[in-house]
Amino acid sequence: MTCVLFDFSGTLFRVEPADRWLGSVLDAAGARYPARTVTGWVRALEESGGQPGGAPPRRLPAHLAGAWELRDLDPERHRWAYTGLAREVELPDPAWYEALYERHMRPEAWAPYPDAVEVLTGLRERGVAVGVVSNIGWDPRPVFAAHGLGALVDAYALSYEHRVRKPDARLFRVALEALGGVDPGEALMVGDDRDADGGAARLGCAVRFVDHLPGAERPAGLRPVLDLVG
């Protein structure tokens, strides 16, 4: 293998739990509510799917179906879809919905998986190029930089920048071209979504899947990648 492509959310990074997501907004607003009330909001927000990178919506409202379908191709639709889902939960302050969306893009809302730095560093030491291929509506580069992973990534192929999303082979090809025209047969794609990330196999890339779990439950899910590249 001469390069490894990684998904972002659920593969290299894990978004913060929903209680901390909401709690950060409440703290910033100086809002104090009974624990039972806050727990109810957290549960409802999880069910709504309003946290990007979190659980998918239990039910997709009809008026958000169009934005949801195109959310990873356009930043405005991404914001509209997720703030719309969050608005399905009645919160005391309407400003919180935008604050929640802004929060999810902050580096402190994300944590690398425990073995992410080790694996990316190991690939760099082996001379293996690294790309990130993500269906996303915003730029995660600042997240990588803030957590010390930015210098370990050679190229990004982000759906909203190229108006194409996984599993479409074109997004994987963008990444391979950005890495110097790597042949798909020399590339490995690592991701947590068997449909979206599995699209790389149609291009001829090898594929390995990891589980989208909290970091404490997946301390070494990425380490086998080092064995695969040799």
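Notes on the structure follow.

Conventions we followed
Residues numbered from 1 in each chain as written. Predicted model: local features only at pLDDT ≥ 70, side-chain atom pairs only at ≥ 80, totals over all residues. Heavy atoms only, no water. Helix = DSSP H or I, 4+ residues; strand = E, 2+ residues; numbered from the N terminus. Buried < 20%, exposed > 50% of the residue type's maximum accessible area, 1.4 Å probe, protein only. Polar contact = N/O pair within 3.5 Å; in protein donor to acceptor, adjacent residues only side chain to side chain. Contact = heavy atoms within 4.5 Å. Core = buried A, V, L, I, M, F, W, Y, C linked by side-chain atoms within 4.5 Å. Salt bridge = Lys/Arg side-chain N within 4 Å of Asp/Glu carboxyl O. Axes fitted to C-alpha atoms, helices over the stretch in contact; angles between N-to-C directions. Parallel < 35°, antiparallel > 145°, perpendicular 65-115°, else oblique. Left-handed = near helix turned anticlockwise from the far one by under 90°. Nonpolar A, V, L, I, M, F, W, Y, C, P; charged D, E, K, R; others polar. Pairing = 2+ DSSP bridges.

Another point: the environment of Asp183. Residue position: Asp183 is located in the loop between helix 9 (169-178) and strand 6 (187-191). Asp183 sits in the partly exposed class, given a relative accessible area of 48%. As a C-alpha pair, Asp183 and Met1 span 182 residues in sequence and 9.7 Å in three-dimensional space. At a separation of 2.7 Å, a polar atom in the side chain of Asp183 contacts the main-chain amide nitrogen of Gly185.

Attention now moves to the environment of Leu226. The residue Leu226 is located in helix 11 (residues 224-229) in this model. Leu226 sits in the buried class, given a relative accessible area of 12%. With 151 residues separating them in the primary sequence, Leu226 and Pro75 have C-alpha atoms 34 Å apart. If we ignore the near neighbours within four places in the chain, the residues touching Leu226 are Glu118, Val119, Gly122, Leu123 and Arg126.

Ranked by size, the top nonpolar core spans 39 residues in total, and within it Val4, Phe6, Phe8, Leu12, Leu123 and Phe144 carry the most contacts. Here this core gets four residues from one element, more than from any other, and that element is helix 6 (residues 116-125). For Phe8, the residues in contact, after removing those within four places along its chain, are Phe13, Trp110, Val132, Val133, Ser134, Ile136, Trp138, Pro140, Val143 and Phe144. One finds Ala129, Val164, Phe172 and Ala187 within the second-largest nonpolar core, a separate group that totals 18 residues.

Here the focus is the pattern of salt bridges. Counting across every chain of the model gives 18 salt bridges. When the shortest N-O distance is used, the salt bridge between Glu118 and Arg223 registers 3.0 Å. On the criterion of sequence distance, the pair formed by Glu118 in helix 6 and Arg223 in the loop between strand 7 (206-209) and helix 11 is long-range, its members being 105 residues apart. For Glu118, a relative accessible area of 38% gives the class partly exposed. For Arg223, a relative accessible area of 38% gives the class partly exposed. Here Arg141 makes a salt bridge to Glu161, at a shortest N to O gap of 3.0 Å.

With that settled, the discussion passes to the packing of helix 1 (residues 18-29) against helix 5 (residues 95-104). Direction vectors running N to C along helix 1 and helix 5 enclose 120°, while the axes themselves pass 10 Å from each other. With respect to helix 5, the element helix 1 is oriented oblique. By crossing handedness, the relation of helix 1 to helix 5 is classed as right-handed. Contacts between helix 1 and helix 5 involve Arg20, Trp21, Leu22, Ser24, Val25, Leu26 and Ala29 from the former and Trp96, Ala99, Leu100, Arg103 and His104 from the latter. Residue classes in the contact of helix 1 with helix 5 are distributed as eight nonpolar, two polar and two charged.

A few words now on the sheet that holds strand 7. Here five strands make up an open sheet; going across it, the order is 5-4-1-6-7 and the pairing parallel. Strand pairing shows two members of the sheet lacking a second neighbour, strand 5 (155-158) and strand 7, which therefore form its edges. Geometrically, the sheet is characterised by an average inter-axis angle of 20° between neighbouring strands, direction not taken into account. Pairing geometry for strand 1 (residues 3-6) and strand 4 (residues 129-134), over four bridges, is parallel. The partner of Phe6 across the bridge, within strand 4, is Val132. Packed onto the sheet, helix 6 meets strand 1 and strand 4 and runs at close to 155° relative to strand 1.

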